[in-house]
Amino acid sequence: MMNTLPPPFHLIALDNTDSTNDEAKRQASAGAGHGTVIWAGRQTAGRGRRGRNWVSVEGNLHCSFLLDPGRPLAEAPQLAFVAAVAVRAALAELAPGALFQVKWPNDVLCHGKKIVGMLLEQAAPLIVVGIGVNIAEAPEPGLYPTACLRQLGCGARPFDVLAGIASQLAEWYDCWRRDGFAPIRQAWLADAAGLSAPITVRLSDDVTLEGRFAGLDATGALLLELPSGEQRKILAGDVFFSSRP
Ligand code: BTN
């Protein structure tokens, strides 16, 4: 059976690559356009956020979508929230009964453990949305505890998960293009982990802030309420819900 995805997506399937994000950038340089999806069974150099490694084992999903922001460049980072809402919805359909939540900025959690990581990069004028989903294995926890779909008794295979994500992403992307960030922000907040809870935000190796997760601003920045009551907008960082590791 052909592995096809719903429009506007068309699939390039590989057994193996260094990183699907890097392959997506190469494809974009060679003329690939909006809707191209790179899917690899394995990655030899999978990359995570902030220069981290992404452990990529056979049986998990490694894919990258090339998307045209089609909105002002300053709004392109909002695609991280579009993708998070879409991936969360796809997993909730595949494993009905389990609790999936989005976590700022780019993760999806399953019962509090990281099951999806996303890495957005530029391939001007396109954006690469790289998505890793733990299906068969939950790699050793690094910064955060991890989970995988198989632990939930979910028998979905990587292509099933990819197809579910593509179908949700097509809808949420259209919604964002048409109506902007407001409905995306609303959907994201409805399934956000740790809202109103105490959090630690690691801005860099040396700088952390403690406070309360007060929500998202109208652009997607995390609102952190400091113990003084002052509200800070956080544009980038790692968020921890309990004590810092
Ligand atoms: C993170 O949580 O740090 C982001 C992880 C992103 C991993 C995915 S796997 C597919 C795509 N290719 C990569 O090299 N990284 C992303």
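Here is what the cut-offs are and how they apply
Residues numbered from 1 in each chain as written. Predicted model: local features only at pLDDT ≥ 70, side-chain atom pairs only at ≥ 80, totals over all residues. Heavy atoms only, no water. Axes fitted to C-alpha atoms, helices over the stretch in contact; angles between N-to-C directions. Helix = DSSP H or I, 4+ residues; strand = E, 2+ residues; numbered from the N terminus. Parallel < 35°, antiparallel > 145°, perpendicular 65-115°, else oblique. Contact = heavy atoms within 4.5 Å. Nonpolar A, V, L, I, M, F, W, Y, C, P; charged D, E, K, R; others polar. Core = buried A, V, L, I, M, F, W, Y, C linked by side-chain atoms within 4.5 Å. Buried < 20%, exposed > 50% of the residue type's maximum accessible area, 1.4 Å probe, protein only. Pairing = 2+ DSSP bridges. Near = heavy atom within 4 Å. Polar contact = N/O pair within 3.5 Å; in protein donor to acceptor, adjacent residues only side chain to side chain. Areas by Shrake-Rupley, 256 points an atom, 1.4 Å probe, with all protein chains shown as cover.

Side note on the packing of helix α3 (residues 158–179) against helix α4 (residues 181–190)
Two measures define how a pair of helices packs: the angle their axes make with one another and the distance between the axes.
Then comes step 1: One way to put it is that α3 packs onto α4 with a least axis distance of 7 Å and a crossing angle of 135 degrees. The orientation of α3 relative to α4 falls into the category oblique. Residue-level contacts link Trp172, Cys175, Trp176 and Asp179 of α3 to Phe181, Pro183, Ile184 and Ala187 of α4.
Then comes step 2: When the residues that make up the contact of α3 with α4 are grouped by side-chain class, the tally is seven nonpolar, no polar and one charged.

A closer look at the nonpolar core
Then comes step 1: Counting residues in hydrophobic clusters, the biggest one holds 64 residues, and the most contacted among them are Phe65, Leu91, Ile131 and Trp188.
Then comes step 2: If one sorts the elements of this core by residue count, helix α2 (residues 79–94) sits on top with 11 residues.
Then comes step 3: Those residues in contact with Phe65 that lie beyond four places of it in its chain are Phe9, Thr36, Val37, Ile127, Val128, Val129, Ile131, Leu162, Ile165, Ala166 and Leu169.
Then comes step 4: Core analysis: the second largest hydrophobic core is formed by eight residues, Ala32, Ile38, Ala123 and Val128 among them.

So, the pairing of strand β7 (residues 126–133)
Then comes step 1: Counting buried positions along β7 gives eight out of eight residues, so the element sits mostly inside the fold.
Then comes step 2: With burial as the criterion, each face of β7 is covered, one bearing Leu126, Val128, Gly130 and Gly132 and the other bearing Ile127, Val129, Ile131 and Val133.
Then comes step 3: Pairing between strand β3 (residues 61–67) and β7: seven bridges, direction antiparallel. Counted as the bridge partner of Ser64 is Gly130 from β7.
Then comes step 4: Judged from the eight bridges that link them, strand β6 (residues 113–123) and β7 form a sheet pairing that is antiparallel. When the sheet's bridge partners are listed, Leu119 is paired in β7 with Gly130.
Then comes step 5: Hairpin connection, β6 to β7: the antiparallel pair is bridged by two residues.

Details of unusual backbone geometry
Then comes step 1: That bond from Trp104 to Pro105 is cis: its omega, 0 degrees, falls within 30 degrees of zero.
Then comes step 2: By the element assignment, Pro105 lies in the loop between β4 (100–103) and β5 (107–110).
Then comes step 3: The residue His111 is not glycine, and still its phi comes out positive at about 45 degrees.
Then comes step 4: With respect to the element layout, His111 can be found in the loop between β5 and β6.
Then comes step 5: Phi is positive for Ser196, which is not a glycine, with a value near 75 degrees.

Thoughts on the environment of Ala138
Then comes step 1: Relative to the helices and strands, Ala138 resides in the loop between β7 and α3.
Then comes step 2: A C-alpha to C-alpha distance of 7.5 Å links Ala138 and Ile115, two positions 23 residues apart in sequence.

Here we look at the site of the ligand
Then comes step 1: Neighbouring residues of the ligand: 19 residues in total, closest Ser19, Gln43, Arg47, Arg49 and Lys114.
Then comes step 2: Within the contact set of the ligand, a nitrogen atom lies 3.1 Å away from a side-chain nitrogen or oxygen of Thr20.
Then comes step 3: Considered on its own, the ligand offers 410 Å² of accessible surface; in the complex 98% of this is hidden by protein.
Then comes step 4: Of all elements in the fold, only α1 (20–29), β3, β6 and β7 reach the threshold of two or more residues within the shell around the ligand.
Then comes step 5: Broken down by element, the shell around the ligand gets its largest block of residues, four residues, from β6.
Then comes step 6: Among the residues forming the shell around the ligand, the class breakdown is five nonpolar, 10 polar and four charged.

Describing α4
Then comes step 1: Inspection of α4 places Phe181, Ile184, Ala187, Trp188 and Leu189 among the buried residues, and these make up the whole buried set.
Then comes step 2: The secondary structure elements touched by the buried residues of α4 are α2, β4, α3 and β9 (208–216).

Remarks on the sheet that holds strand β10 (residues 222–225)
Then comes step 1: Pairing within the open sheet is antiparallel, and its five strands lie in the order β11-β10-β9-β8-β12. What marks the edges here is a single partner per strand, and that holds for β11 (231–234) and β12 (238–240). Strand-to-strand twist in this sheet, taken as the mean axis angle between neighbours without regard to direction, amounts to 45 degrees.
Then comes step 2: Of the pairings in the sheet, the one linking strand β8 (residues 198–202) to β12 comprises three bridges and is antiparallel in character. By the bridge assignment for β12, Arg202 is matched with Asp238.

A word on the sheet that holds β6
Then comes step 1: The mixed open sheet is built from seven strands, whose spatial order is β1-β2-β3-β7-β6-β5-β4. Sheet topology places β1 (10–17) and β4 at the edges, where each strand pairs with a single neighbour. Strand-to-strand twist in this sheet, taken as the mean axis angle between neighbours without regard to direction, amounts to 20 degrees.
Then comes step 2: Running at roughly 145 degrees to β6, α2 makes contact with β3, β4, β5, β6 and β7 of the sheet.

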